[in-house]
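Survey of secondary and tertiary structure
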Amino acid sequence: MRLANLIDGHLHAPASMSYLDVFEPATAAPFAHCPDSDATDVETAVQAARRATPGWAAMPVEQRAQRLFRLADLIEARLDAFAALESRDSGKPLQLARSVDIPRAVSNLRYFAAAIVTWSSESHATESGTPGTGAINVTLRQPLGVVGCISPWNLPLYLFTWKIAPALAAGNAVVAKPSEITPCTAALLGELSIEAGLPPGVLNIVHGRGPSVGQAIVEHPAVKAVSFTGSTATGARIAATAAPRFKKLSLELGGKNPAIVFADADLSDDNLDTIVRSGFANQGEICLCGSRLLVQRSIYERFRERYLERVGTLRVGDPEDARSDLGALVSKAHFDKVTACITQARTEGGRILCGGEAVRIDGRCADGWFVAPTVIEGLDNDAATNQQEIFGPVVTLIPFDDEAEALAIANGTGYGLAASLWTRDLARAHRLGTQLDFGIVWVNCWMLRDLRTPFGGVKHSGIGREGGVEALRFFTEPKNLCIRY
Ligand code: NAP
């Protein structure tokens, strides 16, 4: 399968005519070829986007929304094909792609199509003191023009649409770059966008590597804003490039999230399942995964026993097998990183309570990049294992005595994306919820998402918020129009 760039409403080979291998993580075999594009392709895409901007921005919102709804319908009608491609490309279980990733991509498009139609602007009446005179101020929310959207490999179509949907709905033309590690579903979406009636140049998808394509998007003077999701290191590079060019930036970066379990928590089987899922869903390759599991000392041993028993039932296997809870890690490089982190945890004195090694699956997946769900204890919060983002199926257990200690450990990280709290005491939940230094705090749940809510992190987890009107605000420029009467 040879993928193409989408530029100006047509599918194009890259200017370089060279391609990158795209691997199936479950088999370690290449199965697709992705354009290895460069700044020349980005330039062509930006010029197409510039030409498309006035017409798209002037189109009545209902008509823009209609096209996004149509795109959502086209994806939904091909749910099975999208899910199979996403699973093959990323290594995640097919069942997960089918039930979470692709339906969420459809919801993202529908949500922002509906949101733009119902969004209203603000106005402020300025009184002069004399009846019949004064001014009315209207806050216009105008599209920015051409914007860049750069997304990562862990939730490929889910996060790609989370960016392009609000950008397009708000009337911008987009130059987007999916991760070249998992480019397939974005390429398929690009083909369908033509059928959905997006005018040429409104959505451009340029495949390729971050330092060439991503960097060229960020540097381009006509790109007014960049919405980026990925690692903190890349986010820092993008910020350094964009800041002197005065571009709007939204950065959704890494995390080292705590899940905090108090002795009074309702640890029903369902809740325990959610706590386990919060560590290992999508092989732990979700920025929101709780990789530090803080447990109150009075229940620590009993909890550990039940937790390990449940983790022990997780099945690592062929992503196509409906019985697999975890599939393969996304790439050989990421597999090497995660296994090196486990080795480091051992060196630091961590006790591996389960997992701790690669898993070999017989048959077609014999060469795949599988790692067993791994639980580690005995490490201080300031150990490297508890400070660095591993982004794999690795959870550390950390005991605490009281609320103050839990808070200190939870906040004792450079990251600040998401925390989850497990307690029956809602006064405690409120108290800690306000003191936890994270952009998102879940109480007695995890990854319960409502697309209207602000989404994003603090500290090294990013700048800005996505979701709901926050995303529409990001992708528009407020202008005050003051009319005297
Ligand atoms: P990454 O290496 O930072 O890459 C993210 C995207 O940026 C990719 O498309 C990448 O292209 C591109 N890129 C790399 N260098 C670039 C540059 N100099 N300029 C512009 N773009 C560049 O991240 P990843 O490994 O794909 O994703 C995992 C990370 O994403 C984790 O840290 C995770 O926590 C984070 N994440 C955060 C959220 C959130 O909402 N906060 C959600 C999901 C994931 P290449 O693929 O070619 O490198």
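In what follows, the accompanying structure is described. The model shown is predicted, which means the values in this text are computed figures rather than measured ones.

So, on to the pairing of strand β18 (residues 394-400). Of all the 7 residues making up β18, 6 are buried; the element is thus mostly covered by neighbouring parts of the structure. Sheet topology note: the strand β13 (residues 290-296)/β18 ladder contains 5 bridges and is parallel. In the sheet register, Val 295 faces β18, and the bridge partner there is Pro 399. Looking at chain direction, strand β17 (residues 374-377) and β18 are connected through 4 bridges and run parallel. Bridge assignment links Thr 374 to a residue of β18, and that residue is Val 394.

This part takes up the layout of surface pockets. In this structure, the largest pocket encloses a volume near 760 Å³. Lining the largest pocket are 33 residues, and of these Pro 152, Trp 153, Gly 230, Ser 231 and Thr 234 lie nearest its centre. Taken together, the elements giving at least two residues each to the lining of the largest pocket come down to α7 (210-219), β10 (223-229), α8 (232-242) and α11 (332-347). It is α7 that provides the largest number of residues to the lining of the largest pocket, a total of 4 residues. Along the lines of polarity and charge, the residues of the lining of the largest pocket split into 13 nonpolar, 13 polar and 7 charged. If you count residues domain by domain, the lining of the largest pocket takes at least three from each of domain 1 (5-253 + 461-484) and domain 2 (258-450).

Here we take up the state of the cysteines. In a disulfide, the sulfur atoms of two cysteines are covalently bonded to one another. This model, assessed by the stated rule, comprises 0 disulfides. Of all cysteine sulfurs in the structure, the one in Cys 34 sits closest to Cys 184, which takes part in no disulfide; the separation is 7.8 Å. Using a relative accessible area of 1% as the deciding quantity, one classes Cys 184 as buried.

Here we come to a nonpolar patch on the surface. Together, Ile 136, Leu 481, Ile 483 and Tyr 485 make up an exposed nonpolar region whose accessible area comes to about 350 Å². For Leu 481, the location among the structural elements is in strand β24 (residues 476-484). Judged by its relative accessible area of 37%, Leu 481 is partly exposed.

A word on the pattern of salt bridges. Tallied over the full model, the rule gives 26 salt bridges. Linking Asp 101 and Lys 92 is a salt bridge whose minimum nitrogen-to-oxygen distance equals 2.7 Å. Owing to a relative accessible area of 1%, Asp 101 belongs among the buried residues under this scheme. Accessibility expressed as a relative area gives 1% for Lys 92, which makes it buried. Across the pair Lys 163 and Glu 466 runs a salt bridge whose closest N-O atoms are separated by 2.7 Å. Taken together, the residues Lys 163 in helix α5 (residues 156-169) and Glu 466 in the loop between β23 (462-463) and α15 (468-474) connect sequence positions 303 residues apart. Through salt bridges with shared partners, one network takes in Glu 24, Arg 88, Asp 318, Glu 320 and Arg 364.

The rules behind these values
- Residues numbered from 1 in each chain as written.
- Predicted model: local features only at pLDDT ≥ 70, side-chain atom pairs only at ≥ 80, totals over all residues.
- Heavy atoms only, no water.
- Buried < 20%, exposed > 50% of the residue type's maximum accessible area, 1.4 Å probe, protein only.
- Helix = DSSP H or I, 4+ residues; strand = E, 2+ residues; numbered from the N terminus.
- Pairing = 2+ DSSP bridges.
- 1 Å grid on protein atoms, 1.4 Å probe; cavity = no way out; pocket = protein on both sides within 12 Å on 5 of 7 lines; lining within 4 Å.
- Points joined across faces, edges and corners; volume = space filled by probe spheres on them.
- Nonpolar A, V, L, I, M, F, W, Y, C, P; charged D, E, K, R; others polar.
- Domains from an automatic or database assignment.
- Disulfide = S-S within 2.5 Å.
- Patch = residues over 30% accessible without salt bridge, like charges linked within 9 Å, V, L, I, M, F, W, Y side chains within 5 Å.
- Areas by Shrake-Rupley, 256 points an atom, 1.4 Å probe, with all protein chains shown as cover.
- Salt bridge = Lys/Arg side-chain N within 4 Å of Asp/Glu carboxyl O.

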